[in-house]
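Structural characterization, general
Okay, here's what each chain looks like letter by letter:
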Amino acid sequence: MPDPTSSTPHDAATRRVLPLAGSLGPMIRVRSVFISDVHLGSRGCRAEALLDFLQRVRCEHLFLVGDIVDLWNLRRGFHWPESHTRVLRTILDKAAAGTRVTYVPGNHDDDFRELAGAALRGVEVRRDCIHVTADDRRLLVTHGDEFDGAVQCPEWLAAVGATVYEVVLALNHRCNGLRHRLGLPYWSLAGFLKAQSGRALRYIEQFEHAAAQGVRRAGLDGIVCGHIHRQALRRIEGVVYANDGDWVENCTALVEDRNGRLSIWHWPQALAGQPVDVARTAVEEAA
Ligand SMILES: [Mn+2]
């Protein structure tokens, strides 16, 4: 069977874009996919974009790195559109079709941590796990909220999960509805606010270093996490720090190709027919 990945840039370091123009491109085959912070059950969740991603990318191993379902939000008021059910169904279909699916719950779905060690309809639930890349690097996969204690969180960011953040996301949603009608690309208000706030930037930096230090001390080659809704792929403290981002503001996934090369895919760009961002990807090159 011909392998569609042979036409992706991962085989040729010189090529930097994925041929994704149009919505009916070939299925993209990769080794592993890591997604987190989907927040199903909240208004901010961008389920349609995630569905498009999941339907077009085939992987051997899918990691759900926490905050997949937002139980905190569901307790405050029920919000569950049909697209959120379709996300879960698509994931279960992948598991049934042979994709290994590992679910590492986060703080918004921490009730599922009690199920660590169990397998539900082919989905393995783990508190955390070690992923060995195709090039034999050992990466800790964990949601990341355990590093919160090591960082000084600005008050307004500490309200994440409470109301402030939801208001920001609701505003962002409206703002983007308007931008969409005007033919403008998606723009993240929350991302903009975070980027504008020096204190928030320091929080993110401290979080990243705490996470990297944690895995370096454990003798591992790197970490894959989520939680702070800020995708990243770089070397910190001598280890790989990979944050797969989120599907509320950024619509990003961490992807491992068959050679073990990691990259961050930013899906709205693919939806818009623009090249997927694989420019900030080569951890090996940046090391
Ligand atoms: Mn979280």
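Residues numbered from 1 in each chain as written. Predicted model: local features only at pLDDT ≥ 70, side-chain atom pairs only at ≥ 80, totals over all residues.

Structural notes on the overall build of the protein
- Looking only at helices and strands, the protein features nine helices and twelve strands.
- The buried share among the 287 residues of the protein stands at 40%.
- Taking as baseline every contact in the protein between residues at least 6 positions apart, the subset at least 24 positions apart corresponds to 68%. (Helix = DSSP H or I, 4+ residues; strand = E, 2+ residues; numbered from the N terminus. Buried ≥ 20, exposed ≤ 12 C-beta atoms within 10 Å, placed from the backbone. Contact = placed C-beta atoms within 7 Å.)

Some words on the packing of helix H1 (residues 47-56) against helix H3 (residues 82-96)
- Between H1 and H3, whose axes approach to 9 Å, the crossing angle comes to 20°. For the element pair H1 / H3, the angle class is roughly parallel. Between H1 and H3 the crossing geometry is left-handed. The segment H1 lies against H3, with Ala47, Glu48, Leu50, Leu51, Leu54 and Gln55 engaging Ser83, His84, Arg86, Val87, Thr90 and Ile91. (Axes fitted to C-alpha atoms, helices over the stretch in contact; angles between N-to-C directions. Parallel < 35°, antiparallel > 145°, perpendicular 65-115°, else oblique. Left-handed = near helix turned anticlockwise from the far one by under 90°.)

Overview of H3
- The end-to-end C-alpha separation of H3 is 21 Å, in line with the 21 Å expected for 15 residues at 1.5 Å each.
- Residues His84, Val87, Ile91, Lys94 and Ala95 constitute the buried set of H3. Relative to the axis of H3, the buried residues are bounded by an arc of 110° and lie together on one face. Across from the buried face of H3, at angles greater than 90 degrees, the exposed residues are Glu82, Thr85, Arg89 and Ala96.
- Contacts made by the buried residues of H3 are with H1, strand E2 (57-64), strand E3 (100-103) and strand E5 (123-125).
- Positive phi appears at Gly98, one or two residues downstream of H3, with a value of about 110°. (Expected span 1.5 Å × (residues − 1). Arc of directions from axis to C-beta.)

A word on the sheet that holds strand E10 (residues 239-243)
- Strand order across the open sheet formed by five strands is E6-E7-E8-E10-E9, with mixed pairing between neighbours. The two strands at the open ends of the sheet, each matched to only one other strand, are strand E6 (129-132) and strand E9 (232-236). Pairs of neighbouring strands in the sheet enclose a mean axial angle of 25°, with direction left out of account.
- Across three bridges, strand E7 (residues 138-141) lies against strand E8 (residues 222-225) in parallel orientation. Paired with Leu139 across the two strands is Gly222, which belongs to E8. (Pairing = 2+ DSSP bridges.)

What to know about the environment of Ile236
- Relative to the helices and strands, Ile236 is located in strand E9.
- When the C-alpha atoms of Ile236 and Gln213 are compared, they prove to be 8.3 Å apart, with 23 residues separating the residues in sequence.
- When sequence neighbours within four positions are dropped, the list of residues in contact with Ile236 reads Glu208, His209, Ala212 and Tyr241.

Quick word on the sheet that holds strand E1 (residues 28-35)
- With respect to topology, seven strands assemble into an open sheet ordered E4-E5-E3-E2-E1-E11-E12, the strand pairing being mixed. The sheet terminates laterally at strand E4 (119-120) and strand E12 (262-266), the two strands that pair on one side only.
- Pairing between E1 and E2: seven bridges, direction parallel. Its bridge partner lying in E2, Arg29 is registered against Arg58.

A few points about the pairing of E7
- The two faces of E7 differ: Leu139 and Val141 on one face are buried, but Arg138 and Leu140 on the other face are not.
- In this sheet, E7 lies alongside E6 in antiparallel orientation, the contact comprising four bridges. Bridge pairing in E7 links His131 to Leu139.
- Connecting E6 to the antiparallel partner E7 that follows it, the hairpin turn spans five residues, and Asp136 within it adopts a positive phi of roughly 65°.

Some details on the environment of Asp145
- Checked against the element boundaries, Asp145 lands in the loop between E7 and helix H4 (155-158).
- The exposure class of Asp145 is partly exposed, given the 18 C-beta atoms found within 10 Å.
- Distance from Asp145 to Gly106, taken between C-alpha atoms, is 7.1 Å for residues 39 residues apart in sequence.
- Every residue in contact with Asp145, bar those within four places of it in the chain, is listed here: Gly106, Asn107 and His227.

Comments concerning the nonpolar core
- Membership of the largest hydrophobic core comes to 54 residues, with the highest contact counts inside it found for Val33, Leu64, Val65, Ile223 and Val224.
- With six residues, the top contributor of residues to this core is helix H7 (residues 198-217).
- If we ignore the near neighbours within four places in the chain, the residues touching Val65 are Phe34, Ile35, Ser36, Val104, Val141, His143, Val224, Cys225, Gly226 and Asp244. (Core = buried A, V, L, I, M, F, W, Y, C linked by C-beta atoms within 7 Å.)

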